[in-house]
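Chain residues, written in single-letter form:
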Amino acid sequence: MMRRALALAMLTSATLFVPASAHADDQVPIATPPVPTAAPDTLGLDTLGLGTDQPGRLTVPVTIGSTGPYHFTIDTGAERTVISRELAMTLGLERGRDVHVTGMTGQGDVTTVIIPALNVSRTSAARIEAPMISAENLGALGLLGIDTLKNQAVLIDFDANTMAVSPSTKRHRRYVPQPGEIVVQAKSLLGQLVVTDAYYRGRRVRVVLDTGSVVSMGNLALRQSAGRAKAPIQTIALSGVTGGLMAADYTQIGEVRIGDVTFRNLPVAFSDALPFRRLGLNDSPALLLGMDALKQFRHVEIDFANREVRLTLPRDAG
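Procedures and definitions
Starting from 1, residues in each chain are numbered consecutively following that chain's sequence as written. In keeping with the predicted nature of the model, local features appear solely for residues at pLDDT of at least 70, side-chain atom pairs appear and are counted solely at 80 or more, and the whole-chain, interface and lining totals rest on all residues. The basis for the side-chain values is all heavy atoms of the structure; hydrogens and waters are excluded. The numbering of helices and of strands both runs from the N terminus, where a helix is a DSSP run of H or I of at least 4 residues and a strand a run of E of at least 2. With a 1.4 Å probe rolled over the protein chains alone, any residue whose accessible area is under 20% of its type maximum counts as buried; one over 50% counts as exposed, and the rest are partly exposed. Whether two residues touch is decided by their heavy atoms; if any such pair falls within 4.5 Å, the residues are in contact. Throughout, the Shrake-Rupley method with a 1.4 Å probe supplies accessible areas, and for residues the shown protein chains are the sole cover considered. Note: two strands are recorded as paired if DSSP finds a minimum of 2 bridges between them. Note on geometry: axes are C-alpha line fits, over the in-contact stretch for helices, and angles between N-to-C directions span 0 to 180 degrees. By nonpolar core is meant a set of buried Ala, Val, Leu, Ile, Met, Phe, Trp, Tyr and Cys residues that side-chain atoms within 4.5 Å join together. Looking at any residue, its pLDDT shows the predictor's confidence there, from 0 to 100. Put simply, a salt bridge is a Lys or Arg side-chain nitrogen that is within 4 Å of an Asp or Glu carboxyl oxygen.

Asker: Explain the overall build of the chain to me, using residue names and the numbers behind them.
Answerer: Secondary structure summary: the chain contains six helices and 27 strands in total. Looking at the 318 residues of the chain, the share that counts as buried comes to 52%. Contacts spanning at least 24 positions in sequence make up 67% of the contacts within the chain whose residues lie at least 6 apart. Within the structure as shown, the chain displays about 14,200 Å² of accessible surface, and the carbon and sulfur contribution to it stands at 51%.

Asker: Give me the lowdown on the sheet that holds strand S12 (residues 162-167), citing residues and values where you can.
Answerer: Strands pair in a sheet through their backbones, by hydrogen bonds, and they do so in one of two ways: parallel or antiparallel. Across the sheet, five strands lie side by side as S12-S11-S26-S27-S13; this open sheet has antiparallel pairing. Of all strands in the sheet, those bounded by a partner on one side alone are S12 and strand S13 (181-185). The sheet shows a mean angle of 15 degrees between the axes of neighbouring strands, taken without regard to direction. In the sheet, strand S11 (residues 152-157) pairs with S12 via six bridges, with the strands oriented antiparallel.

Asker: Give a detailed account of the nonpolar core, specifying residues and quantitative values.
Answerer: If you look at the biggest cluster of nonpolar residues, it comprises 59 residues, and the most contacted ones within it are Phe 72, Ile 83, Val 207, Ile 258, Leu 287 and Val 300. Look past the residues within four positions of Val 207 in its chain and what remains in contact with it is Leu 193, Val 194, Val 195, Ala 198, Ile 258, Leu 287 and Leu 289. Counting residues in hydrophobic clusters, the runner-up holds 18 residues, among them Met 104, Ile 236, Tyr 250 and Leu 279.

Asker: I'd like a rundown of the confidence of the model for the chain, residues and numbers included.
Answerer: With 80% of its residues at a pLDDT of 70 or more, the chain has an overall mean of 78. Segment residues 1-56 is flagged for pLDDT under 50; beyond a separation of four residues in sequence, or across chains, it makes 154 contacts in the model.

Asker: Describe in detail the pairing of strand S26 (residues 299-303), supporting the description with residues and values.
Answerer: A regular strand places its side chains so that they alternate between the two faces of the sheet. Both S11 and S26 contribute to a ladder of five bridges, which runs antiparallel. Paired with Ile 156 across the strands is Val 300, a residue of S26. Connecting S26 to the next strand, strand S27 (residues 308-312), in antiparallel fashion are four residues, including Arg 307 with a positive phi near 55 degrees.

Asker: Describe in detail the pattern of salt bridges, supporting the description with residues and values.
Answerer: Per the counting criterion, the structure on display carries twelve salt bridges. With its nearest N and O atoms 2.8 Å apart, the salt bridge here joins Asp 159 to Arg 298. Highlighted residues: Asp 159 in the loop between S11 and S12 and Arg 298 in the loop between helix H6 (291-294) and S26, separated in sequence by 139 residues. Its relative accessible area of 43% is what places Asp 159 among the partly exposed residues. Taking the shortest distance from any N to any O, the salt bridge between Asp 272 and Arg 277 comes out at 3.0 Å. Given the relative accessible area of 44%, Arg 277 is considered partly exposed. Overlapping salt bridges bring together Arg 171, Glu 301, Asp 303, Glu 308 and Arg 310 as one network.

What follows is the structure, given as structure tokens:
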């Protein structure tokens, strides 16, 4: 089967498809991470907000009870649906329990509120106990997590710059890809889809699609497999939805193959992030594939019911 190679510049929207015969170690210049703080933070580093994408971040309209719509973003890397503290207070939602939340950069106890009913597109969910986090840290009025998405399909249309959710049902027949479309099978781990047909330098890598993160994150086991990077390394600070900061080494690695697509010069921030431990992915190479990589495709469809990821290649992909 023909495999495609995809070259990424560091956190840019530029797309370059290269032939399979191109040299695997070709590198492209590293760009400065977007969304830096106006002044150095307490770590003395540029800060990249994981919960804050570039301007024009993709959101979906949701209604809560009879009010709305409000713009929430879809976070396929989050187990729980989250609402901003500001919106919860405005709506006067009933307080729930205190729960322990693990984020990319930290963990802690937060208060929940009861969302009586949440509707997005043709999908509705009743009585969600949602943690409250400040809108500044979320980068949106709320996040839709996999507790809301578990029987749904998420479609990200980068051509139209839209994101949508639709009901999905388990099929009994294998999906037939459309021209220019690649289908990757996945397994479920704590509700999240983990792609196991992925390799780096011939070694299997477990990949989680994380639409809530602007940057792809690699664990320390993947960093060890990468060895000494040929591309420059930047040390940056990552800020997460819990408000904490975490230092990470930011560089490019060589070929990462996911199904029939090969990413070249994939930009990755390496850190011993808490979600890897939460998912039991800290001992072997693992990657949280963020929006910086996903936006190289025209469409990305994440089908939770059928445990599939469907990728539509750009028209000039050959």
